[in-house]
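Summary of structural features
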Amino acid sequence: MVTYVDADQSRKRAPGVIPLHGEEGFAGMRKAGQLTAKALDMLVDHVRPGVSTIELDQLAFEFGQDHGGIPATLLYRGYRHSICTSINHVVCHGIPGDRVLREGDILNIDLTYVVDGWHGDSSRMYPVGQLSRKAERLIRVTYESLARGIAAAIPGNTTGDIGAAIQTYAEGERTSVVRDFVGHGLGKLFHDEPNILHFGTPGTGPELKPGMIFTIEPMINLGRPHVKILNDGWTAVTRDRTLSAQCEHSLGITETGNEIFTNSPGGLFNPTDPE
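The paragraphs below set out a description of the structure included in this document. Just so you know, these numbers come straight off a predicted model, no measurement behind them.

Re the pairing of strand E4 (residues 83–87)
Of all five residues making up E4, five are buried, and the element is well covered by its neighbours. In E4, alternate side chains face the same way, and those of Ile-83, Thr-85 and Ile-87 on one face and Cys-84 and Ser-86 on the other are all buried. Where E4 meets strand E6 (residues 106–115), five bridges bridge the pair, whose relative direction is antiparallel. Residue pairing for E6: Ser-86 is matched across the bridge by Asn-108.

What about the packing of helix H3 (residues 133–151) against helix H4 (residues 159–172)?
Contact pair H3 / H4: the axes reach a minimum separation of 8 Å and the direction vectors enclose 150°. Taken together, the axis directions place H3 and H4 in an arrangement best described as roughly antiparallel. For the pair H3 and H4, the crossing hand works out as right-handed. Note on element contacts: H4 touches H3 through Ile-162, Ala-165, Ile-166, Tyr-169 and Ala-170, opposite Val-141, Glu-144, Ser-145, Arg-148 and Gly-149. Here the contact of H3 with H4 is built from residues that sort into six nonpolar, two polar and two charged.

Regarding the nonpolar core
Core analysis: the biggest nonpolar cluster contains 30 residues, and Ile-106, Ala-153, Ile-162, Phe-214 and Ile-216 have the highest contact counts within it. Those elements giving two or more residues to this core turn out to be H3, H4, strand E11 (213–216) and strand E16 (249–253). Take this core: its biggest share by element is seven residues, from H3. Contacts of Ala-153, omitting those with residues within four sequence positions, involve Ile-162, Leu-208, Phe-214, Ile-216, Leu-251, Ile-253, Gly-257 and Asn-258. Within the second largest apolar cluster, 26 residues are counted, among which are Leu-56, Trp-118, Tyr-126 and Leu-186.

Things to note about the pattern of salt bridges
Two side chains carrying opposite charge are able to pair once their charged atoms lie near each other. The tally for this structure, following the rule as stated, stands at nine salt bridges. With its nearest N and O atoms 2.6 Å apart, the salt bridge here joins Arg-30 to Glu-259. Note that Arg-30 is positioned in helix H1 (residues 23–43) and Glu-259 in strand E17 (residues 258–260), a separation of 229 residues in sequence. A relative accessible area of 31% places Arg-30 in the partly exposed class.

Concerning the environment of Arg-241
Looking at where Arg-241 falls in the secondary structure, it is placed in the loop between strand E14 (236–238) and strand E15 (244–246). For Arg-241, a relative accessible area of 60% translates into the label exposed. When the C-alpha positions of Arg-241 and Gly-223 are compared, they lie 8.2 Å apart, and in sequence the two are 18 residues distant. There is a polar contact of 2.8 Å between the side chain of Arg-241 and the side chain of His-89.

So, the packing of H1 against helix H2 (residues 53–67)
Where H1 contacts H2, the two axes come as close as 10 Å, and the packing angle between them is 140°. Here H1 is positioned oblique relative to H2, judged by the angle of their axes. When you trace H1 past H2, the crossing you get is right-handed. Across the interface between the two elements, Leu-35, Lys-38, Ala-39, Met-42 and Leu-43 from H1 touch Leu-56, Leu-59, Phe-63 and His-67 from H2. The class makeup of the residues in the contact of H1 with H2 is seven nonpolar, one polar and one charged.

Describing the sheet that holds strand E12 (residues 219–221)
With antiparallel pairing, three strands are arranged side by side in an open sheet as E8-E12-E15. Each having just a single partner strand, strand E8 (176–177) and E15 make up the two edges of the open sheet. In this structure, E12 lies alongside E15, joined through three bridges in antiparallel fashion. Considered in E15, the bridge of Met-219 is made with Gln-246.

Criteria and cut-off values
Residues numbered from 1 in each chain as written. Predicted model: local features only at pLDDT ≥ 70, side-chain atom pairs only at ≥ 80, totals over all residues. Heavy atoms only, no water. Buried < 20%, exposed > 50% of the residue type's maximum accessible area, 1.4 Å probe, protein only. Helix = DSSP H or I, 4+ residues; strand = E, 2+ residues; numbered from the N terminus. Pairing = 2+ DSSP bridges. Axes fitted to C-alpha atoms, helices over the stretch in contact; angles between N-to-C directions. Parallel < 35°, antiparallel > 145°, perpendicular 65-115°, else oblique. Left-handed = near helix turned anticlockwise from the far one by under 90°. Contact = heavy atoms within 4.5 Å. Nonpolar A, V, L, I, M, F, W, Y, C, P; charged D, E, K, R; others polar. Core = buried A, V, L, I, M, F, W, Y, C linked by side-chain atoms within 4.5 Å. Salt bridge = Lys/Arg side-chain N within 4 Å of Asp/Glu carboxyl O. Polar contact = N/O pair within 3.5 Å; in protein donor to acceptor, adjacent residues only side chain to side chain.

What is shown is where atoms sit, not what they do.
Next comes the structure, spelled out in structure tokens:
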């Protein structure tokens, strides 16, 4: 049985208990989400051939310092960077370093700023120069998968409805959905209840209620869904070395639908179909 609690009245909760946030939480998430979105917009002009991922990491760190945002990943469980940079067959949690971007690469940048205690979590794809047709298609499918998941995130539906909407579309486009990583609740906590699977069965899982806040962040592969973790303990890659893409929004369930906190102010979220 699923339990829901007032987030303002219960800072410490048992596992499996879903917090419902009020206006304070939504206001905090708007502020944090918009700062993250602005930083991701800022990085668009810097993603080009010849730029290293550690340079992008430094830009994100400095932007946060200048605007009151603390990167949530910095020193999180020993992670030493402000962003994750996942290139080509890297599914997620790629570590910034000396790797220089090359023409035709696809790059996911995942960033979370903490602003006044609230976490704004988002990721998006960045094309590096001219892409191949298969890379462009993968990005389009990934963004449409997210859009369909968001469309299913309305009160009265379930978390399974979100996953089913994503899975049905992505597999119908002859791509696969990664099972190993999921969306998650967030707010004052970086990772909270509920988990949001990007696959599933309609009508299953917790019911979506106004006040729930979580991410939807499908990872879509051109090949099979299987991944492996490299020896660094963070970097996840496709086992068959095929391309992978991801995009992510933070959102809250409202009385009539949902509110996306991490929309791009410059309309730059989707590189294949600007907002």
